[in-house]
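Observations on the three-dimensional arrangement
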Amino acid sequence: MNKIVIFGNSGSGKSTLAKALALKNDLAHLDLDTVAWKPIMPPERLSILESSKSINDFLFVNSGWVIEGCYSDLLALVIQQADEVIFLNLPVAACIENTKNRPWEPHKYETKEAQDSHLDMLINWISQYTVRNDTFSKVAHEKLFSNFQGKKSKYVSNI
C-alpha cells in the first residue's frame, strides 16, 4: 500500500499534487492544515498532542494515504511510516505566484473572498521561507528530506 508524505513551502503545490496522487492511487488524503489549527481568529496552533490524536485517527482508518503540509513537527510523526516522500522545493517566487492563482479552498475558508483577504499576509509569510528557522522553514524541510532513508524525490518546479 502506498504511504506518501509531501512537504514544502506554502504555495508549492502540495495540495494539488496530493489530491492527484490520492485520486490516481485510491489513497486517503490528509491536509495537515485541517489538524494543525484551532478554529479561531487570529489563527492559533493546536498542541502537537491534539494534532497527533487527529493524525493517529486518520492513520488508524486508512492503510494507504497521502499526507501533506508544511509542518515539520507534524510530518515527523508520520514520515517513518511513509513509503515515499516528496519535497516540493520551489523558488519562493513560484510559490507566491501559485498562491495568487490558487482556487478557493472551501475546507479552509468560508468564501473565496475570505481566502483572498489573507493573501497579503500569506505572501509575506511565504517570502520568509528561506530565512525562517521554525517548523515551517526550508531548513526544517531539508532536514526531514535528508534524514528520510526510503524513496524520496525533490522537485524545484511543479510536476
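Residues numbered from 1 in each chain as written. Predicted model: local features only at pLDDT ≥ 70, side-chain atom pairs only at ≥ 80, totals over all residues. Heavy atoms only, no water.

**Focus: the pattern of salt bridges**
- Going through the model one piece at a time under the given rule, you end up with seven salt bridges.
- Lys112 is the salt-bridge partner of Asp116, the closest N and O atoms lying 2.9 Å from each other. In this pair, Asp116 and Lys112 are both assigned in helix α6 (residues 112-116), four residues apart and thus about one turn of the helix distant.
- We classify Asp116 as partly exposed; its relative accessible area is 36%.
- Across the pair Asp134 and Arg132 runs a salt bridge, and its minimum N-O distance is 3.2 Å. (Salt bridge = Lys/Arg side-chain N within 4 Å of Asp/Glu carboxyl O. Helix = DSSP H or I, 4+ residues; strand = E, 2+ residues; numbered from the N terminus. Buried < 20%, exposed > 50% of the residue type's maximum accessible area, 1.4 Å probe, protein only.)

**Quick word on the pairing of strand β1 (residues 3-8)**
- With five of six residues buried, β1 is to be regarded as a mostly interior element.
- In this sheet, strand β3 (residues 65-69) lies alongside β1 in parallel orientation, the contact comprising five bridges. Its bridge partner being in β3, Ile6 is matched across the sheet by Glu68.
- Pairing of β1 with strand β4 (residues 84-88), which is carried by five bridges, proceeds in the parallel orientation. (Pairing = 2+ DSSP bridges.)

**Considering helix α8 (residues 138-147)**
- Every buried residue of α8 is listed here: Ala140, His141, Leu144 and Phe145. Taken around the axis of α8, the buried residues stretch over an arc of 135°, which confines them to a single face.
- Of the surrounding secondary structure, the elements contacted by the buried residues of α8 are β1, α4 (72-75), β4 and β5 (151-155). (Arc of directions from axis to C-beta. Contact = heavy atoms within 4.5 Å.)

**Focus: the packing of aromatic side chains**
- Using the criterion set out here, one finds five aromatic pairs in the structure.
- Residues Tyr71 and Phe136 carry aromatic rings whose centres are separated by 5.3 Å and whose planes lie at 70° to one another, so their mutual orientation is edge-to-face. Residue Tyr71 is found in the loop between β3 and α4, and its partner Phe136 is found in the loop between α7 (119-127) and α8; the two are separated by 65 residues along the sequence.
- For Tyr71, a relative accessible area of 2% gives the class buried.
- For Phe136, a relative accessible area of 12% puts it in the buried group.
- Between Phe87 and Phe145, the aromatic rings sit 5.9 Å apart at their centres with planes inclined by 50°, giving tilted as the arrangement. Pair noted here: Phe87 is in strand β4 and Phe145 is in helix α8, with a separation of 58 residues, a long-range link.
- Classification of Phe145 by relative accessible area gives buried; the value is 12%.
- These aromatic residues form a ring-pair network of at least three members: Trp37, Tyr71, Trp125 and Phe136.
- Residue placement shows Arg132 over the ring face of Trp125; its charged tip is 4.2 Å from the ring centre.
- Its end group placed over the ring of Phe145, Lys152 keeps NZ or CZ at 4.9 Å from the ring centre. (Phe/Tyr/Trp six-rings, centres within 6.5 Å; stacked < 30°, edge-to-face > 60°. Lys NZ or Arg CZ within 6 Å of the ring centre and 35° of its normal.)

**Focus: the sheet that holds strand β2 (residues 28-31)**
- Ordered in space as β2-β3-β1-β4-β5, the five strands form an open sheet in which the pairing is parallel. Strands at the two margins of the open sheet, each flanked by one partner only, are β2 and β5. Strand-to-strand, the axes of this sheet are offset by a mean angle of 15°, without reference to chain direction. (Axes fitted to C-alpha atoms, helices over the stretch in contact; angles between N-to-C directions.)

**With respect to the environment of Thr130**
- Position of Thr130 relative to the elements: it lies in the loop between α7 and α8.
- When the C-alpha positions of Thr130 and Asn9 are compared, they lie 9.3 Å apart, and in sequence the two are 121 residues distant.
- Among all residues touching Thr130, those that are not within four sequence positions of it are Val92 and Lys138.

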